[in-house]
Amino acid sequence: MATSLFEIVEHPIDVEAVRKKVVDRNAGAITLFVGTVREMTNGKKTLFLEYQAYPEMAVKMFEQIAKEIKERWPEAKIAITHRVGRLEITEIAVVIAVSSPHRKAAYEANEYAIERIKQIVPIWKKEHWEDGSEWIGDQLENVPYAEGKPPIRRGEHG
Amino acid sequence: MIQVLLFAHLQEAVGQSKVMIELDGCTVQEVKKWMEKEYPQLSLEQMMAAVNEEFVTDDAVVKDGDTLAFIPPISGG
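A quick note: this is a predicted structure, and the numbers were derived from the prediction, not measured.

What counts as what
- Residues numbered from 1 in each chain as written.
- Chains lettered and ligands numbered in written order.
- Predicted model: local features only at pLDDT ≥ 70, side-chain atom pairs only at ≥ 80, totals over all residues.
- Helix = DSSP H or I, 4+ residues; strand = E, 2+ residues; numbered from the N terminus.
- Rg over C-alpha atoms; globule rule 2.2 N^0.38 Å.
- Buried ≥ 20, exposed ≤ 12 C-beta atoms within 10 Å, placed from the backbone.
- Axes fitted to C-alpha atoms, helices over the stretch in contact; angles between N-to-C directions.
- Left-handed = near helix turned anticlockwise from the far one by under 90°.
- Contact = placed C-beta atoms within 7 Å.
- Nonpolar A, V, L, I, M, F, W, Y, C, P; charged D, E, K, R; others polar.
- Pairing = 2+ DSSP bridges.
- pLDDT = per-residue confidence, 0-100.

## Focus on the overall build of chain B
Phase 1: Looking only at helices and strands, chain B has two helices and seven strands in total.
Phase 2: In chain B, the order of α-helices and β-strands from amino to carboxyl end is β-α-β-β-α-β-β-β-β.
Phase 3: Its C-alpha radius of gyration of 11 Å places chain B within 12% of the 11 Å reference for a compact globule of 77 residues.
Phase 4: The proportion of buried residues among the 77 residues of chain B is 38%.

## So, the packing of helix H2 (residues 55-72) of chain A against helix H3 (residues 103-120) of chain A
All names here are of chain A.
Phase 1: Contact pair H2 / H3: the axes reach a minimum separation of 10 Å and the direction vectors enclose 140 degrees. Crossing handedness for the pair H2 and H3: right-handed. For the pair H2 and H3, contact is made by Met61, Gln64, Ile65, Glu68 and Ile69 and by Ala109, Tyr112, Ala113, Arg116, Ile117 and Ile120, respectively.
Phase 2: Split into classes, the residues belonging to the contact of H2 with H3 amount to eight nonpolar, one polar and two charged.

## Focus: unusual backbone geometry
Phase 1: A positive phi angle, close to 50 degrees, is found at A:Asn42, a residue other than glycine.
Phase 2: Turning to its location among the elements, A:Asn42 is positioned in the loop between strand S3 (40-41) and strand S4 (44-53).

## Quick notes on the pairing of strand S7 (residues 92-100) of chain A
Residues and elements named next belong to chain A.
Phase 1: Most of S7 sits out of view: eight of its nine residues are buried.
Phase 2: One ladder, built from eight bridges, connects strand S2 (residues 29-36) with S7; its direction is antiparallel. Paired with Leu32 across the two strands is Ala97, which belongs to S7.
Phase 3: Bridge count for strand S5 (residues 77-83) against S7 is six bridges, and the pairing is antiparallel. For Lys77, the partnering residue across the bridge sits in S7 and is Ser99.

## Examining the pairing of strand S4 (residues 48-51) of chain B
Residues and elements named next belong to chain B.
Phase 1: Across four bridges, S4 lies against strand S7 (residues 67-71) in antiparallel orientation. Looking at the pairing, Val51 lines up with Leu68 of S7.
Phase 2: As paired strands, S4 and strand S5 (residues 54-56) are joined by three bridges and run antiparallel to one another. Bridge pairing in S5 links Ala50 to Phe55.
Phase 3: Hairpin connection from S4 to S5: two residues lie between these consecutive antiparallel strands, with Asn52 at a positive phi of about 50 degrees.

## Concerning the sheet that holds S7(B)
All names here are of chain B.
Phase 1: Pairing in this open sheet of five strands is mixed, and the strands run S2-S1-S7-S4-S5 from one edge to the other. Two strands close off the open sheet at either side, each with one partner strand: strand S2 (18-21) and S5. The sheet shows a mean angle of 30 degrees between the axes of neighbouring strands, direction not considered.
Phase 2: Alignment of strand S1 (residues 2-5) against S2, held across four bridges, turns out to be antiparallel. Bridge pairing in S2 links Leu5 to Lys18.
Phase 3: Packing against the sheet, helix H2 (residues 28-38) makes contact with S1, S2, S4, S5 and S7, and its axis sits at approximately 70 degrees to S1.

## Points about the confidence of the model for chain A
Phase 1: Of the residues in chain A, 85% reach a pLDDT of 70 or more, and the chain-wide mean stands at 90.
Phase 2: Overall, residues 141-146 of chain A carries pLDDT values under 50, and its contacts beyond four positions in sequence, including any with other chains, amount to seven contacts.

## Focus on the sheet that holds S7(A)
All names here are of chain A.
Phase 1: Reading across the sheet, the four strands line up as S1-S5-S7-S2 and stay open at both edges, with mixed pairing between neighbours. Where the open sheet ends on each side, the last strands, each with one partner, are strand S1 (6-9) and S2. Neighbour to neighbour, the strand axes of the sheet diverge by 10 degrees on average, direction disregarded.
Phase 2: Strand contacts of H2: S1 and S5, with the helix running at about 150 degrees to S1, the strand carrying the most contacts.
Phase 3: Contacts from H3 reach S2, S5 and S7, with the element oriented near 145 degrees to S7.

Spelled out as structure tokens, the structure:
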């Protein structure tokens, strides 16, 4: 059965399943980024998080990121799964797996992917604290975007 | 008909994730104004927009059958 490389899921993420998607006989390295729910942010205690996505577009943006990675690291293979819904402290929100013949590209492409996810993939988190809750905006502090939309790299969207 | 999708705090402000509106051939900017009039609690001025799952600028034209999503500042990962 063909499994999709890019997924938005409502259930806990199986890290090993994401890793398996990028297994390659010519890979000498697989890097895994596992993003987890943190309890303390700037001294404030999070009780739990709620993630929401625009799933169809999020998957398209994952594909866009994969395309950008292909241009920079042609031999890298990537898979991304992001979870939505209610997540408890320490639970996994996102897993990025990158395989490559050599480790440097696997590390670099993986970091590139998480940075781009935070720029262009329509996923939102709501922080729930003891004294309230709030949808968190742009953690990169670059809104409004200078060009009215986030920077989409070469190859698409003009 | 244009299908308008709302997420995060926009969805909570309106109380629904989807709004169908009878507009055709207008700009994203015009839809924003229409929505703000219809739902005075909304502030869409600095919101990004996507038409049929592609980011667009406010001068993009939305046609009958399109899906227009307002994208609040994202915070995934």
